[in-house]
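# Examination of the molecular architecture
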Amino acid sequence: MASTDTPAVKDGHDLAGVEAGLDALDTVHTGRTPLRTTLTQKVVPPLTAVVLVLAVWQALVSFGVVDDPSKLPSPSDVWGELRTAWLQGTLLDYIWTSVSRGLLGFLLALAIGTPLGLLVARVRFVRAAIGPILSGLQSLPSVAWVPPAVIWLGLNNSMMYAVILLGAVPSIANGLVSGVDQVPPLYLRAGRTLGATGLKGTWHIVMPAALPGYLAGLKQGWAFAWRSLMAAEIIASSPDLGVGLGQLLENGRNTSSMSMVFLAILLILIVGIAIDLLIFSPLERRVLRSRGLLVKS
């Protein structure tokens, strides 16, 4: 009886074995992460950092490292300021006033910066004309736009949104330009071969391939938007604008209340971290996972 282990059959078995091994390497474990692992890896480290910061802060106050106690309030003083704002019903108003402005301004910047970035990335003449200007605007401190915005638009929300746009649009556009520049030319040629040209090619080929750079631009754009808003709220104050976190910081300075100043700083920091954890980090993980760069836990 003839043997079936011919060279062709052996090669087929070897190839199947290699494919099975690669499939095993690419297999994603979708089981639920144990609660203990989640607590150890994601909850305990940041809590430990917070506890250490509070301990060092309290030690600086208790041992009189700062000559003037009024310059550095204790954690309990800041907690008392927070509790007072909560009981008065103003704490959430401070936060919502700034967050609503920041998110709406960022969405407007997204709507403007995305097509602008595509235009700069895809049209050479536009890149030569506008590209250096976008880079210059990105390096310009956002606070510089507050005085002219007040003169042009007055003390109103339009001035706030103008400052946010001038701070965030260049970052979003430059991030998308960087992402488009990193798209392999092979993808573009393959898209044209399959008929994906013009807007169809931009939507189905360019944007998905440029997504990592675009997402980095979005994160930077939000950072610029948030900082621009805080600068505008600190400098421009009016009863019609309400009291946001930036205005709360300025009120603390005007009344020499360091506990209020520290409360405003902590709230600004917490909001920035929360937006990153709730919006941008999940988007980033999803993009990396879709490209096989992040394994599900």
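Whatever comes next refers back to the structure up there.
Attention in this report is confined to the structure presented alongside it. The structure presented is a predicted model; accordingly, all values stated were derived computationally and were not measured.

### As for the overall build of the chain
Regarding its fold elements, the chain presents twelve helices and zero strands. Listed by position from the N terminus, the elements making up the chain come as α-α-α-α-α-α-α-α-α-α-α-α. Within the span of the chain, comprising 297 residues, buried residues form 34% of the whole. When contacts within the chain are restricted to residue pairs at least 6 apart in sequence, those whose partners lie at least 24 apart make up 71%. Roughly 18300 Å² of accessible area belongs to the chain as shown, and the carbon and sulfur atoms make up 67% of that amount.

### Quick word on empty space enclosed by the protein
In the structure shown here, the tally under the stated rule is one cavity of 30 Å³ or more. Space inside the largest cavity adds up to approximately 40 Å³. Split by residue class, the lining of the largest cavity holds three nonpolar, four polar and two charged.

### Some remarks on the packing of helix α3 (residues 75–88) against helix α4 (residues 91–122)
Two elements in contact, α3 and α4, have axes separated by 6 Å at closest approach and are oriented at 90°. Classified by the angle their axes make, α3 and α4 are roughly perpendicular. When α3 is examined against α4, the residues L82, A85 and W86 are found in contact with a partner set consisting of L91, L92 and Y94. Counted by class, the contact of α3 with α4 contains six nonpolar, no polar and no charged residues.

### Examining the side chain of S257
You can see S257 is positioned in the loop between α11 (245–254) and α12 (258–290). Setting aside residues no more than four positions away along its own chain, S257 makes contact with E81 and G252.

### Details of the pattern of salt bridges
With the rule as written, the count across this model stands at five salt bridges. Where R101 meets E233, a salt bridge forms, and the shortest distance between an N and an O atom there is 3.0 Å. Separated by 132 residues along the polypeptide, R101 in helix α4 and E233 in helix α10 (residues 211–235) bring together distant segments of the chain. Each member of the pair, R101 as well as E233, is classed as buried. Where K219 meets D276, a salt bridge forms, and the shortest distance between an N and an O atom there is 3.9 Å. Residue K219 is found in helix α10, and its partner D276 is found in helix α12; the two are separated by 57 residues along the sequence.

### Considerations on the packing of α4 against α12
Viewed as axis vectors pointing N to C, α4 and α12 meet at an angle of 50°, and their least axial separation amounts to 11 Å. Between α4 and α12, the angle falls in the class oblique. In this structure, the crossing between α4 and α12 has a hand that is right-handed. Of the residues in α12, those in contact with L91, I95, V99, L103 and F106 of α4 are L267, V271, I275 and F280. Taken together, the residues that form the contact of α4 with α12 break down as nine nonpolar, no polar and no charged.

### Points about the nonpolar core
Ranked by internal contacts, the top residues of the largest apolar core, which has 56 residues, are M159, L176, V180, L218, W226, L245 and F280. In terms of residue count, the dominant contributor to this core is helix α7 (residues 157–181) (twelve residues). Once residues within four sequence positions are removed from consideration, F280 is found in contact with F106, L215, L218, K219, W222 and I275.

### Considering the environment of Y161
You can see Y161 is positioned in helix α7. Remark: the alpha-carbon pair of Y161 and A109, spanning 52 residues in sequence, is separated by 9.1 Å. Setting aside residues no more than four positions away along its own chain, Y161 makes contact with R101, L104 and G105.

### Observations concerning a nonpolar patch on the surface
Judged by side-chain polarity, L266, L269, I270, I273, L277, L278, I279 and L283 come together as a nonpolar surface patch covering roughly 740 Å² of accessible area. Within the element layout of this structure, I273 appears in helix α12. With relative accessibility at 43%, the residue I273 sits in the partly exposed group.

### Quick notes on the packing of aromatic side chains
One pass over the full model with this rule turns up four aromatic pairs. Ring pairing ties together the aromatic residues F106, W222, W226 and F280, which thus form one cluster. For R227, the ring lying beneath its charged end belongs to F224, and the centroid distance is 4.7 Å.

Thresholds applied
- Residues numbered from 1 in each chain as written.
- Predicted model: local features only at pLDDT ≥ 70, side-chain atom pairs only at ≥ 80, totals over all residues.
- Heavy atoms only, no water.
- Helix = DSSP H or I, 4+ residues; strand = E, 2+ residues; numbered from the N terminus.
- Buried < 20%, exposed > 50% of the residue type's maximum accessible area, 1.4 Å probe, protein only.
- Contact = heavy atoms within 4.5 Å.
- Areas by Shrake-Rupley, 256 points an atom, 1.4 Å probe, with all protein chains shown as cover.
- 1 Å grid on protein atoms, 1.4 Å probe; cavity = no way out; pocket = protein on both sides within 12 Å on 5 of 7 lines; lining within 4 Å.
- Points joined across faces, edges and corners; volume = space filled by probe spheres on them.
- Nonpolar A, V, L, I, M, F, W, Y, C, P; charged D, E, K, R; others polar.
- Axes fitted to C-alpha atoms, helices over the stretch in contact; angles between N-to-C directions.
- Parallel < 35°, antiparallel > 145°, perpendicular 65-115°, else oblique.
- Salt bridge = Lys/Arg side-chain N within 4 Å of Asp/Glu carboxyl O.
- Left-handed = near helix turned anticlockwise from the far one by under 90°.
- Core = buried A, V, L, I, M, F, W, Y, C linked by side-chain atoms within 4.5 Å.
- Patch = residues over 30% accessible without salt bridge, like charges linked within 9 Å, V, L, I, M, F, W, Y side chains within 5 Å.
- Phe/Tyr/Trp six-rings, centres within 6.5 Å; stacked < 30°, edge-to-face > 60°.
- Lys NZ or Arg CZ within 6 Å of the ring centre and 35° of its normal.

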